[in-house]
Amino acid sequence: MDTLKMDELVSLCKRRGFLFQSSEIYGGLNGFWDYGPLGVELKRNVKECWWRDMVTGHDDLLVYPGAPTAYEMTGLDCSIIMHPQVWKCSGHYDLFHDFMVDCRESKKRYRHDQVQGRWVEAKGKRVFVSVLPETDEPCLELEQRALKFFNLRAKHLDQLKWEGPVVSLTTVPDFSAVLGPDAKELGTLTPPREFNLMFKTYVGALSGEEGAAFLRPETAQGIFVNFKNVVDSSRVRIPFGIAQMGKSFRNEITPRNFTFRSREFEQMEIEFFCHPNQSAAWYQYWRDRRYRWYLELGLAGERLRLREHHKEELSHYSCGTADIEYAFPFLPPGEFGELEGIAHRGDFDLRSHMEGKLVRQGDNLVVEQGTDGKPKHKGSGRDLTYFDDVSREKYVPHVIEPSAGADRATLAFLCQAYQKDVAPDENGKPTERLVLKLHPRLAPIKAAIFPLVKKDGMPELAERLYRDLKKSFTVFYDDKGAVGRRYRRQDEAGTPYCLTIDGQTLEDRTVTIRDRDSLAQRRIHLDKVAEELQSLLQPRD
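To continue, consider the sheet that holds strand β16 (residues 320-326). The strand order across the open sheet built from 7 strands is β3-β13-β14-β22-β17-β16-β15, with neighbouring strands paired in mixed fashion. Of all strands in the sheet, those bounded by a partner on one side alone are β3 (72-75) and β15 (304-308). Each strand of the sheet is rotated relative to its neighbour by a mean of 20°, with strand direction disregarded. Where strand β17 (residues 337-346) and strand β22 (residues 398-405) come together, 6 bridges link them in antiparallel fashion. Bridged to A343 within β22 is E401. Strands in contact with helix α8 (residues 279-296) are β3, β14 (264-274), β15, β16, β17 and β22; relative to β17, the strand with the most contacts, it is inclined by about 165°.

Okay, here's the thing in structure tokens:
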């Protein structure tokens, strides 16, 4: 894993049909990706594991380890376009932006906080040389760019006097001495300015502001505005969670790192509603449970971490936030990228949609006032409090939000699974093998069925087994080429089990089952294959 280069994984993803650049025949569209035949199955399996483990497989009567009490789980599927007032009260309309800078020379645009560099002095001149974070070796590129700018050769490297470590462009107050990432001259970057990340669209025949709406930048708000509908229609009692999977859209200034930062992506979110007095305990429970989920599905402990946010990192509404992070191979050694955030949101969301957009004043959240002394963004006015008919208590529930990215999770599982080892080829000679060691629950194809040769009744038996298994599993039939080559093709696809019909099958109706990871082979009876696969693919407690 440590030697995995991102271009190797990208190459495999295209070659084997996991991922393609969107609109590739027209040159592609940056920040958008299409999932191919294997990729769509992998991503579906990630989502189905999440939904099964969090919602449909949840036991409402059981007190799970670490949970304060038993709780209920249910789901929603909300629309992508919602009333514009939703985004004004949630804060997205005013606050959901990044700062960008433009380069007058290269005509390129960058996110202000993503540009990094170092101060260097040579020939009596001090400049800030900058590069982009996806650079494989930033220090080497900084040296090369500095040498070129000062018109020096490599042998004059000692003339460069560097100051301090690599830092963000955000630490530089004056851009006149900045050498932009793709510039040859100083001072070509514009001052940073706000860029709203929401995609704007228009509803109906009106194309003016009166018909303006937005593609949702997150799935969470659909849950909050439906809180009362769920309580009234399903009779759930607090504590309970509402889960949702769906597309979200963010107009990223510089999408990068394959599918890690895209403009269209899919989220898997839970909004968990609980009593304010128990919210701290529930936050701890969800933080730990979600971390375990990734471990159980195969992400390695040394590449996965749970990081609590420092106080200065917290959003204005947050009582506590932790990120589950993974050491993606496109990041510098020692750095991690976010997979999922677990946030203690307090009562911010339900209050916002009742009262209007909230801002922090000291220790309190209050409705933001406009210049006219009225709420800047008026809430719905609907009562979103919860009444407990047993304790006779009425309150605004607190919310714990585990928010995961389906695309980032899929990418992390691919990165973790991509491995090279040595295994015998079709001639028995040890050769390097490329294999995706995906967890069997995630694997796009659960089993491949091979007839050893295309004669003696083997294809007919193999076809019968294939059709039998196809009723319950995603399986693949392959009779092309030597068995060893067929094994290798399935190893690259991440298929955990291969079933071979051979001469012995004709004698005793047993087949060979080969394990992708251990390469161990054993024989099982034809009538027991479905039962065996079911057992192997069953979630472990």
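A separate point is the pairing of strand β27 (residues 497-501). Of all 5 residues making up β27, 5 are buried, and the element is well covered by its neighbours. Alternating positions in β27 separate into two faces, Y497, L499 and I501 on one and C498 and T500 on the other, with burial throughout. Pairing geometry for β27 and strand β28 (residues 510-515), over 4 bridges, is antiparallel. Across the sheet, residue C498 finds its bridge partner in β28, namely R514.

The next thing to look at is the environment of R382. Examined against the element boundaries, R382 turns out to sit in the loop between β19 (364-367) and β20 (386-388). Spatially, the C-alpha atom of R382 lies 46 Å from that of P133, the residues being 249 residues apart in sequence.

Below, the discussion takes up the sheet that holds strand β8 (residues 161-168). Judged by pairing direction, the sheet is mixed, and its 4 strands sit side by side in the order β8-β6-β7-β9 without closing on themselves. Bordering the open sheet on either side are β8 and β9 (178-179), each of which pairs with just one other strand. Where strand β6 (residues 116-122) meets β8, 5 bridges bridge the pair, whose relative direction is antiparallel. Within β8, the residue paired with W119 across the bridge is E163. The strands touched by helix α5 (residues 138-149) are β6, β7 (125-131), β8 and β9; relative to β7, the strand with the most contacts, the crossing angle is about 135°.

Turning next to the nonpolar core. Among the nonpolar cores identified, the biggest contains 60 residues, and W286, Y294 and F413 are the most heavily contacted of them. Take this core: its biggest share by element is 8 residues, from helix α10 (residues 406-417). Look past the residues within four positions of Y294 in its chain and what remains in contact with it is L299, L304, I324, L339, E340, A404, A409 and F413. With 20 residues, the next largest nonpolar core counts L461, A462, V475 and I513 among its residues.

Once that is clear, we can look at the pattern of salt bridges. Evaluated as defined, the whole model comprises 46 salt bridges. Of the charged contacts, one joins K357 and D94 as a salt bridge, the two residues approaching to 2.9 Å between their closest N and O atoms. Of this pair, K357 sits in the loop between α9 (348-355) and β18 (358-361) while D94 is found in helix α4 (residues 92-95), placing the two residues 263 residues apart along the sequence. Here K357 and D94 have matching classes, each one buried. One network of salt bridges, with partners in common, ties together D98, R111, D113, E252 and R261.

This part covers the state of the cysteines. Summed over all chains, the structure comprises 0 disulfides. This cysteine, C49, is not joined by any disulfide, and C415 carries the nearest cysteine sulfur, 18 Å off. With a relative accessible area of 5%, C49 lands in the buried category.

A few words on the packing of aromatic side chains. For the structure on display, the rule yields 28 aromatic pairs. Considering the side-chain rings of Y64 and Y71, the 6.1 Å spacing of their centres and the 40° angle between planes classify their relative orientation as tilted. Among the residues examined, Y64 registers a relative accessible area of 16% and is labelled buried. A residue is classified by how much of its surface remains accessible, and Y71, at 1% relative accessible area, is buried. Site record: aromatic cluster; members linked through ring pairs are Y64, Y71, F272, W282, Y285 and W286. One Lys or Arg, R408, reaches over the ring of F260 and ends 3.8 Å from the middle of that ring.

Reading guide: rules and limits
Residues numbered from 1 in each chain as written. Predicted model: local features only at pLDDT ≥ 70, side-chain atom pairs only at ≥ 80, totals over all residues. Heavy atoms only, no water. Pairing = 2+ DSSP bridges. Helix = DSSP H or I, 4+ residues; strand = E, 2+ residues; numbered from the N terminus. Axes fitted to C-alpha atoms, helices over the stretch in contact; angles between N-to-C directions. Contact = heavy atoms within 4.5 Å. Buried < 20%, exposed > 50% of the residue type's maximum accessible area, 1.4 Å probe, protein only. Core = buried A, V, L, I, M, F, W, Y, C linked by side-chain atoms within 4.5 Å. Salt bridge = Lys/Arg side-chain N within 4 Å of Asp/Glu carboxyl O. Disulfide = S-S within 2.5 Å. Phe/Tyr/Trp six-rings, centres within 6.5 Å; stacked < 30°, edge-to-face > 60°. Lys NZ or Arg CZ within 6 Å of the ring centre and 35° of its normal.

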